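# A look at the structure
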Amino acid sequence: MNEAMIERLLVVIGALVALAVLGLMGVNVVRDPFGADRVWLAGQIEDISHTSPRVPESEWRFGEWRASIEAKPQVWDALVPPPPPPKKKPPPPPKPPNLKDMLKGVQAERAQIGGRAKIVY
């Protein structure tokens, strides 16, 4: 077999594979696998009633109970303690030291080695 014949054979095989894939896609579109499920689901949805059940009104009188409870302050005193009394003001901070008085008699000199400051008392 020569190279031209092998190339033609590969083109024909590729075309057949592409046609087979396209054919399977067409069959899948025509024969809808979910069609039966759609029909069943549509029937189920039609059977659902569109009315909601009524909830019977309560015979309990919540409004009256709340008003009677809120009218009794001793109930709330037991549940919520009164706030604590306000705290006393803190003492004022100490006065900062007077640096001028502290540094009397102190002289700053410049040392010759390394340019450091030397403090002499």
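Here, every reference points to the structure presented above.
For the structure given in this document, a descriptive report is provided here. Numbering of residues begins from 1 in every chain and follows the order in which that chain's sequence is written. For a predicted model such as this one, the threshold for reporting local features is a pLDDT of at least 70, and the threshold for listing and counting side-chain atom pairs is 80 or more; totals across whole chains, interfaces and linings nevertheless cover every residue. The side-chain quantities take in all heavy atoms of the structure and omit both hydrogens and water.

A few words on the overall build of the protein. Tallying secondary structure elements over the protein gives 5 helices and 2 strands in all. In sequence order, the protein lays out its α and β elements as α-α-α-α-α-β-β. Classification of residues uses two cut-offs on accessible area relative to the type maximum, computed with a 1.4 Å probe and protein chains only: under 20% is buried, over 50% is exposed, and between them is partly exposed. Out of the 121 residues belonging to the protein, those deemed buried represent 0%. Here a helix means four or more residues in a row that DSSP labels H or I, a strand means two or more in a row labelled E, and each is numbered from the N terminus.

Think of a salt bridge as a Lys or Arg side-chain nitrogen and an Asp or Glu carboxyl oxygen that are within 4 Å of each other. Evaluation of the coordinates by the stated rule reveals 3 salt bridges. Between Glu64 and Arg61 there is a salt bridge, and its shortest N-O distance comes to 3.0 Å. The class of Arg61 is partly exposed, set by a relative accessible area of 48%. The residue Lys104 makes a salt bridge to Asp101 at a minimum N-O spacing of 3.7 Å. Residue classification places Lys104 among the exposed positions, given a relative accessible area of 63%. Owing to a relative accessible area of 46%, Asp101 belongs among the partly exposed residues under this scheme.

With that out of the way, let us pick up the packing of aromatic side chains. Between 30 and 60 degrees the pair is tilted, below 30 it is stacked and above 60 it is edge-to-face, where a pair is any two Phe, Tyr or Trp rings, Trp via its six-membered ring, whose centres lie within 6.5 Å. All chains considered together, the criterion is met by 3 aromatic pairs. The interplanar angle of 75° and the centroid separation of 5.9 Å between the aromatic rings of Trp60 and Phe62 together place this pair among those described as edge-to-face. Exposure remark for Trp60: the relative accessible area of 58% places this residue in the exposed category. Ring centres 5.6 Å apart and planes at 80° place the aromatic pair Phe62 and Trp65 in the edge-to-face group.

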